[in-house]
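Each chain is listed here by its residues.
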Amino acid sequence: ENELRGKVVWVTGASSGIGEELAYQLSKIGALLAISARREDELERVKKKCLEISSLSEKDILVLRLDLTDRSSHEAATNSVLKHFGKIDVLVNNGGRSQRSLFVDTNLDVYSAIIELNYLGTISLTKYVLNHMIQRKKGKIVTVSSVMGIMGAPLASGYCASKHALQGFFNSLRTELTDYPEISIINICPGPVQSKIIQNVFTENLAKSIENSGDQSHKMPTDRCVRLTLVSTANDLKEAWISDHPYLAVCYLWQYAPTWAWWLMNRMGKRRIQNFKSGVDADASYSRKKK
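Nothing here was measured: the structure is a model prediction, and the numbers come from that model. (Residues numbered from 1 in each chain as written. Predicted model: local features only at pLDDT ≥ 70, side-chain atom pairs only at ≥ 80, totals over all residues. Heavy atoms only, no water.)

Student: I would appreciate a short explanation of the packing of aromatic side chains in the present structure.
Tutor: Both the distance between ring centres and the angle between the ring planes are used here to describe each pair of aromatic rings. If you walk through the whole model with that rule in mind, you get six aromatic pairs. Between Phe 103 and Tyr 111 the ring centres are 5.7 Å apart and the planes differ by 75 degrees, which places this aromatic pair in the edge-to-face class. Seen from their ring centres, Trp 260 and Trp 263 are 6.0 Å apart, and the 85 degrees between their planes marks the pair as edge-to-face. Of the two residues, Trp 260 and Trp 263 are both situated in helix 8 (residues 258–278); the distance of three residues between them amounts to about one turn of the helix. The exposure class of Trp 260 is exposed, given its relative accessible area of 57%. For Trp 263, a relative accessible area of 47% translates into the label partly exposed. (Phe/Tyr/Trp six-rings, centres within 6.5 Å; stacked < 30°, edge-to-face > 60°. Helix = DSSP H or I, 4+ residues; strand = E, 2+ residues; numbered from the N terminus. Buried < 20%, exposed > 50% of the residue type's maximum accessible area, 1.4 Å probe, protein only.)

Student: What should I look at first to understand helix 2 (residues 40–53) in this one?
Tutor: Since there are 3.6 residues in each turn of an α-helix, residues three or four apart along the chain are aligned in direction. For helix 2, which comprises 14 residues, the first-to-last C-alpha distance of 20 Å matches the rise-based estimate of 20 Å (1.5 Å per residue) to within 8%. When we look at burial in helix 2, the residues that qualify are Leu 43, Val 46, Lys 47 and Cys 50. Around the axis of helix 2, the buried residues are gathered within 100 degrees of arc, so they sit on the same side. Exposed positions of helix 2 whose direction lies more than 90 degrees from the buried face are Asp 41, Lys 48 and Glu 52. Buried positions along helix 2 lie against helix 1 (17–29), strand 2 (32–37) and strand 3 (61–65). (Expected span 1.5 Å × (residues − 1). Arc of directions from axis to C-beta. Contact = heavy atoms within 4.5 Å.)

Student: Help me out: how do you make sense of a positive patch on the surface in this one?
Tutor: Together, Arg 38, Arg 39, Arg 65 and Lys 196 make up a region of like positive charge exposed at the surface. With respect to the helices, strands and loops of the structure, Lys 196 is situated in the loop between strand 6 (183–190) and helix 6 (222–234). (Patch = residues over 30% accessible without salt bridge, like charges linked within 9 Å, V, L, I, M, F, W, Y side chains within 5 Å. Areas by Shrake-Rupley, 256 points an atom, 1.4 Å probe, with all protein chains shown as cover. Salt bridge = Lys/Arg side-chain N within 4 Å of Asp/Glu carboxyl O. Lys, Arg positive; Asp, Glu negative; His and termini not counted. Charge placed at Lys NZ, Arg CZ, Asp CG, Glu CD.)

Student: Even after reading the chapter, I still don't get the sheet that holds strand 7 (residues 239–242), so can you show me in this structure?
Tutor: Strands in a sheet are paired, the pairing made by backbone hydrogen bonds, and the direction either parallel or antiparallel. The seven strands are arranged 3-2-1-4-5-6-7 in an open sheet whose pairing can be described as parallel. Single-partner strands in this sheet number two, and they are strand 3 and strand 7. On average, each strand axis in the sheet is tilted by 15 degrees relative to the strand beside it, whichever way the strands run. As paired elements, strand 5 (residues 139–144) and strand 6 share six bridges and run parallel to each other. (Pairing = 2+ DSSP bridges. Axes fitted to C-alpha atoms, helices over the stretch in contact; angles between N-to-C directions.)

Student: Whenever I open this one, the environment of Lys 49 confuses me. Can you help?
Tutor: In this structure, Lys 49 sits in helix 2. Note on Lys 49: relative accessible area 38%, which makes it partly exposed.

Student: Which parts of the structure should I look at to understand the environment of Ser 162?
Tutor: Structurally, the position occupied by Ser 162 is in helix 5 (residues 157–176). Residue Ser 162 is classed as buried on the basis of its relative accessible area of 0%. With 90 residues separating them in the primary sequence, Ser 162 and Tyr 252 have C-alpha atoms 21 Å apart. Excluding residues within four positions of it along the chain, Ser 162 makes contact with Ile 114, Ile 115, Asn 118 and Tyr 119.

Student: Even after reading the chapter, I still don't get the packing of helix 1 against helix 6, so can you show me in this structure?
Tutor: What describes two packed helices is the angle between their axes and the distance between those same axes. Here helix 1 crosses helix 6 at 60 degrees, and the two axes come no closer than 9 Å. Considered as vectors, helix 1 and helix 6 are oriented oblique to each other. Seen along the crossing, helix 1 lies across helix 6 with a hand that is right-handed. From helix 1, Gly 17, Ile 18, Glu 21, Leu 22, Gln 25, Leu 26 and Ile 29 reach across to helix 6, where they touch Thr 222, Asp 223, Cys 225, Val 226, Arg 227, Thr 229 and Leu 230. Its residues assigned to classes, the contact of helix 1 with helix 6 shows seven nonpolar, four polar and three charged. (Parallel < 35°, antiparallel > 145°, perpendicular 65-115°, else oblique. Left-handed = near helix turned anticlockwise from the far one by under 90°. Nonpolar A, V, L, I, M, F, W, Y, C, P; charged D, E, K, R; others polar.)

Student: I would appreciate a short explanation of helix 5 in the present structure.
Tutor: Here helix 5 spans 29 Å end to end across 20 residues, near enough to the 28 Å set by a 1.5 Å rise per residue. Restricting attention to buried positions, one finds in helix 5 the residues Gly 158, Tyr 159, Cys 160, Ser 162, Lys 163, Leu 166, Gln 167, Phe 170, Leu 173 and Arg 174. The secondary structure elements touched by the buried residues of helix 5 are strand 4 (90–93), helix 4 (108–136), strand 5, strand 6 and strand 7.

Following this line, the structure appears as structure tokens:
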């Protein structure tokens, strides 16, 4: 709370899910907020609730419509935040979409769209914000990656690729900023979370949405994931894996015993595909609901 209170935090993808919950928890802490997404009406709804649950005033929350795929708009968007607040202390790169489709069934333009949104859109916005942070010689760039940026999994080959790209980019960027020790590059890798990400996933073609998102109750609650994200941000962790088991255990296997991880993922992957084809959540059979 003390680390983030009064700081200007820009959150992308703030109209739902993790981004929305970030706005609520940050407002309670007393951070000044710029919240962005494509749906301005949803952002206004989030702002209204932030004002209700915090001591912030109207001018403390900037609603800024933003399309990450419209890279030509990112410089102007950054300037709008700077004009309103005078600085950006923390950028939270949260905007993005997941995927549920097999590669053999998926059009290549879906992969292009995933990379354009999750990867190129994110690093484009980062570039403009980083220029400001370099001038100030301080700041935090927090990127919501995924455990899928650490491992591979069926039904999400394009999403995994985009998150692996983000991991590689920001790990490399961190090494370019050694002359700026007060600029932190923080990668957050959540596992399955109870957010609306499944309802908005890419499928085998751009015009199709997922028919049934399935029961999400077995996943980590969004407020728990966000709380741990903010703890990681406040403490400048370079990378945080935020997940329940068995996904967290698989991350460790993938890191330290990849041969075992490949064997296990082949077994888990078959069940994941079966779940998806039968209309339940792809990860449902790996968890047990807490009683």
